[in-house]
Amino acid sequence: MEETNVPSCFCGRPASLRTAWTDNNAGRRFYGCANHGHGFRRRSCNFFSWYDPPLNPRSRAIIVGLLRKVKAMERGRRSERIM
Ligand SMILES: [Zn+2]
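Residues numbered from 1 in each chain as written. Predicted model: local features only at pLDDT ≥ 70, side-chain atom pairs only at ≥ 80, totals over all residues. Heavy atoms only, no water.

With respect to the coordination of the zinc ion
Every protein donor of the zinc ion is accounted for by Cys 9 (SG), Cys 11 (SG), Cys 33 (SG) and Cys 45 (SG), and the metal-donor separations fall at 2.2 to 2.4 Å. In this structure, the zinc ion is surrounded by four donor atoms whose angles at the metal cover 104 to 114 degrees, and the resulting shape is tetrahedral. Each donor residue of the zinc ion belongs to the same chain, with the gaps between them written as C-x1-C-x21-C-x11-C. A relative accessible area of 5% places Cys 9 in the buried class. (Donors = N, O, S within 2.8 Å, 3.2 Å for Na, K, Ca; no water. Tetrahedral: all angles 85-135°; square planar, octahedral: opposite > 155°, others 65-115°. Buried < 20%, exposed > 50% of the residue type's maximum accessible area, 1.4 Å probe, protein only.)

Quick word on the packing of aromatic side chains
As enumerated under the stated definition, the model contains five aromatic pairs in all. Ring centres 5.5 Å apart and planes at 80 degrees place the aromatic pair Tyr 31 and Tyr 51 in the edge-to-face group. With Tyr 31 in strand S2 (residues 29-32) and Tyr 51 in the loop between strand S3 (48-50) and helix H1 (57-82), the pair connects residues that are 20 residues apart, well separated along the chain. Plain terms: the ring middles of Phe 48 and Trp 50 are 5.1 Å apart, the flat faces sit at 85 degrees to each other, and that makes the pair edge-to-face. Under the relative-accessibility criterion, Trp 50 is labelled partly exposed at 31%. Grouping aromatic residues by their ring pairs yields a cluster made of Phe 30, Phe 48 and Trp 50. (Phe/Tyr/Trp six-rings, centres within 6.5 Å; stacked < 30°, edge-to-face > 60°. Helix = DSSP H or I, 4+ residues; strand = E, 2+ residues; numbered from the N terminus.)

Structure below.
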């Protein structure tokens, strides 16, 4: 595990490492609230801190292209199962 210098979110818990999948930051990891997505009762703060350095345009284009392919393949597999 890469758990050196994990920041704390505003809830006072070690932030959790997540991966962004937006076109601009595909595959780039960031720290977010540790409470995010853990049930309804817990409120998450809006803590946000990048873990990976910014993507360079070339690797970003490659990752986005690969993501499109994976999504297309998944769509194909799903329709095969239906038929
Ligand atoms: Zn939090």
